[in-house]
Amino acid sequence: MKIYNTLTRQKQEFVPLHAPNVTMYACGITVSGKAHIGHLYQAYIYDIFRKFLEKQGYNVTYARNYTDIDDKIIAAANQTHTDAKLYAQQMIQNIDEIMQYFQIDEPNLWLRATETVNDIIAFVQTLIRKGHAYVTENGDVYFSVESFPGYGKLSNRNTEESLHGVRIDNDEQKRSPLDFALWKSAKPGEPSWPSPWGEGRPGWHIECSAMNLKAFGEQIDIHGGGRDLIFPHHENEIAQTEALTGKPFVKYWTHNGLIKVNGQKMSKSLGNSILLEDLKKRWHPEVVKFALLQTNYRNDINITESLFEEAEKHMYHFHSILRDVDQAFASTLAKNESIDKEFNEAMADDFNTAKVVANLFGYFKTLQQKVKEGDASALADARAIRQTYGLLGLFINPSVSVLAFIDAHQKQEIPEEIQQLAEKRWQAKLQKNWAEADALRASLLAKGYEIKDAATEYTIVKK
Ligand SMILES: [Zn+2]
């Protein structure tokens, strides 16, 4: 199979360092606030990577981390008058719960910065000894970028370009503006740990290097994260680890695209973050996942209201067909292997989820036809779809429960006024008052709602 490697800027045949074992690390969440759709997206993509690699026969160990100590966490904890460690603990619990709700599986290893402090200190000591880092009078430790000639190879920047990408802080004890903190001396009231350089806490970049070394050793197969992490975070991870070991750190660097909201970058400062707790109130997990898979994982996704509406419409249609298949056909031993084969082919090409999602439309068209014709091979097709696409977390819930969720959601989205008009029309119809029923139907249509009648009930559909 092929994977796009950010380091070489091309799709490459995937050959792990020690097949059949595969080591994969994805930078996790800095727990300074509530989980948003960007967090879900990244966790979802790497969950898919892991499962597809396992399906290809690899023995995957997948690690994610929580950054549970950081400037932003300390600031957020201070705002709520909570101890920073407690605050982080509470956030992690909330995030775990909501990821479970969205049916994202856990990694094999969960790593936390605060549980890796001793390893980080040992790592930094070695970097100092090898001349790649220095201690300032204040007890801060910086990585010397000049000491590592390969700096910039991942983000494809030279020193000058790199300077534009870093925030210039005013620590006059830094030898170069590009140098970054490995260890930060404690300010009063901050959580801190003892170190050879005094009380302090680790910098962000060193956490991931130290955790990788602890979990996997000097080299790993796949490292992932959002594209916004390429510089400086991942560039710095390479500098730290390769300066320590003298070996290439990561064989395949992978990066997922970023989330935009109505065409704008999603950010806390713009106030347009889509929180998972809000998404959960409206959209079924499978609807959210289906929406997120429309785009290749390396491209940015533009989140709009209609993206979810469309996804919900399609998932409703697909699950209705699956439900019909369940109801129409008794069990058969027939198998459909072509669906799985097509899925594997597309996914082996740099995890082409957009292609496998597009294939679904054809499968369901055929399936619907088979249901109509009473063709019992529909059952084998439906089973193949459930089994194969279960890897993406789609069609893993009983169709009747997904349909019930969406029905309830759509009802909740219809304004009270419309619901009342529709009910009035239904009553008029029951009383055979056709003129009034027709007039009400027309007025609903003018407001953008269509009424669909069944024998004993009606549904309101937004046009
Ligand atoms: Zn990281």
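Residues numbered from 1 in each chain as written. Predicted model: local features only at pLDDT ≥ 70, side-chain atom pairs only at ≥ 80, totals over all residues. Heavy atoms only, no water.

*Asks:* Any chance you could explain the nonpolar core here in plain terms?
*Replies:* Counting residues in hydrophobic clusters, the biggest one holds 131 residues, and the most contacted among them are Leu292, Tyr389, Leu392 and Phe395. The leading source of residues in this core is helix H1 (residues 37-55), at eleven residues. Among the domains, domain 1 (2-261) and domain 2 (305-406) are the pair contributing at least three residues each to this core. Not counting residues up to four positions away in its chain, the partners in contact with leucine 392 are Tyr44, Ile48, Lys289, Leu293, Phe343, Met347, Thr353 and Val356. By size, the runner-up hydrophobic cluster in this structure holds eleven residues, among which are Ile414, Trp426, Leu440 and Leu444. (Core = buried A, V, L, I, M, F, W, Y, C linked by side-chain atoms within 4.5 Å. Buried < 20%, exposed > 50% of the residue type's maximum accessible area, 1.4 Å probe, protein only. Helix = DSSP H or I, 4+ residues; strand = E, 2+ residues; numbered from the N terminus. Domains from an automatic or database assignment. Contact = heavy atoms within 4.5 Å.)

*Asks:* Help me understand the coordination of the zinc ion, please; the structure alone is not making it clear to me.
*Replies:* Reference values for coordination geometry: four tetrahedral donors around a metal ideally subtend 109.5 degrees, six octahedral donors ideally subtend 90 or 180 degrees. For the zinc ion, the full set of protein donor atoms is Cys27 (SG), Cys208 (SG), His233 (NE2) and Glu237 (OE), at a range of 2.0 to 2.7 Å. Relative to the metal, the four donor atoms surrounding the zinc ion lie at angles of 77 to 127 degrees, and the coordination shape comes out irregular. Spacing between the donor residues of the zinc ion along the chain follows C-x180-C-x24-H-x3-E. In this pair, cysteine 208 is assigned in helix H6 (residues 204-216) and glutamate 237 in helix H7 (residues 230-245), connecting sequence segments 29 residues apart. Residue classification places cysteine 208 among the buried positions, given a relative accessible area of 1%. (Donors = N, O, S within 2.8 Å, 3.2 Å for Na, K, Ca; no water. Tetrahedral: all angles 85-135°; square planar, octahedral: opposite > 155°, others 65-115°.)

*Asks:* Looking at this structure, how should I read the sheet that holds strand S12 (residues 259-261)?
*Replies:* Working definition: the strands of a sheet are paired by backbone hydrogen bonds and lie parallel or antiparallel to each other. Strand order in the open sheet formed by three strands is S13-S12-S14, with mixed pairing between adjacent strands. Edge positions in the sheet fall to strand S13 (264-265) and strand S14 (301-303), since each has one partner strand and no second. Bridge count for S12 against S14 is three bridges, and the pairing is parallel. Across the sheet, isoleucine 259 pairs through a bridge with isoleucine 301, a residue of S14. (Pairing = 2+ DSSP bridges.)

*Asks:* Help me understand the packing of helix H4 (residues 117-129) against H7 in this model?
*Replies:* Packing of H4 against H7 brings their axes to within 10 Å, and their N-to-C directions diverge by 65 degrees. With respect to each other, H4 and H7 are oriented roughly perpendicular. With respect to the hand of their crossing, H4 and H7 are arranged in left-handed fashion. Across from Phe123, Thr126 and Leu127 in H4, the residues of H7 making contact are Gln240, Thr241, Ala243 and Leu244. In the contact of H4 with H7, the residues fall into four nonpolar, three polar and no charged. (Axes fitted to C-alpha atoms, helices over the stretch in contact; angles between N-to-C directions. Parallel < 35°, antiparallel > 145°, perpendicular 65-115°, else oblique. Left-handed = near helix turned anticlockwise from the far one by under 90°. Nonpolar A, V, L, I, M, F, W, Y, C, P; charged D, E, K, R; others polar.)

*Asks:* Hey, could you run me through the pattern of salt bridges in this one?
*Replies:* Side chains that differ in charge, positive against negative, can pair when their charged atoms come close. For the structure on display, the rule yields 27 salt bridges. Ionic pairing is found between lysine 11 and aspartate 349, a salt bridge with its closest N-O pair at 2.8 Å. Note that lysine 11 is positioned in strand S2 (residues 10-13) and aspartate 349 in the loop between helix H11 (338-347) and helix H12 (353-373), a separation of 338 residues in sequence. Under the relative-accessibility criterion, lysine 11 is labelled partly exposed at 38%. (Salt bridge = Lys/Arg side-chain N within 4 Å of Asp/Glu carboxyl O.)

*Asks:* Which parts of the structure should I look at to understand the environment of alanine 215?
*Replies:* Of note, alanine 215 is situated in helix H6. A relative accessible area of 28% places alanine 215 in the partly exposed class. Other than its neighbours up to four places away in sequence, alanine 215 contacts Leu109 and Leu111.

*Asks:* Before we go on, may I ask you to explain the domain arrangement of the protein chain in this structure?
*Replies:* Interface extent is often summarised as the accessible area lost during association of the parts. Each domain of the protein chain was delimited in the assignment, giving domain 1 (2-261), domain 2 (305-406) and domain 3 (414-462). Between domain 2 and domain 3, the C-alpha centre-to-centre distance is 32 Å.

*Asks:* Mind showing me how you'd approach the pairing of strand S11 (residues 250-256) here?
*Replies:* For a regular strand, side chains alternate in direction, first toward one face of the sheet and then toward the other. The buried fraction of S11 amounts to six of the seven residues, a majority that puts the element mostly inside the structure. Where strand S10 (residues 220-226) meets S11, six bridges bridge the pair, whose relative direction is parallel. Paired with glycine 226 across the bridge in S11 is asparagine 256. On the question of chirality, the crossover connecting S10 to the parallel S11 by way of H7 is right-handed. (Right-handed = clockwise from strand over helix to strand, strands pointing away.)

*Asks:* Quick question: what am I supposed to make of the sheet that holds S10 here?
*Replies:* Strand order in the open sheet made by the five strands is S5-S4-S3-S10-S11, with parallel pairing throughout. Only two strands of the sheet have a single partner each, and these edge strands are strand S5 (109-112) and S11. Averaged over all adjacent pairs, the angle separating strand axes in this sheet is 20 degrees, with direction ignored. Across three bridges, the pairing between strand S3 (residues 21-30) and S10 is parallel. Bridge assignment links alanine 26 to a residue of S10, and that residue is glycine 224. Contacts between H6 and the sheet are confined to S3, strand S4 (59-67), S5 and S10, with S3 contributing the most and set at about 150 degrees to the helix.

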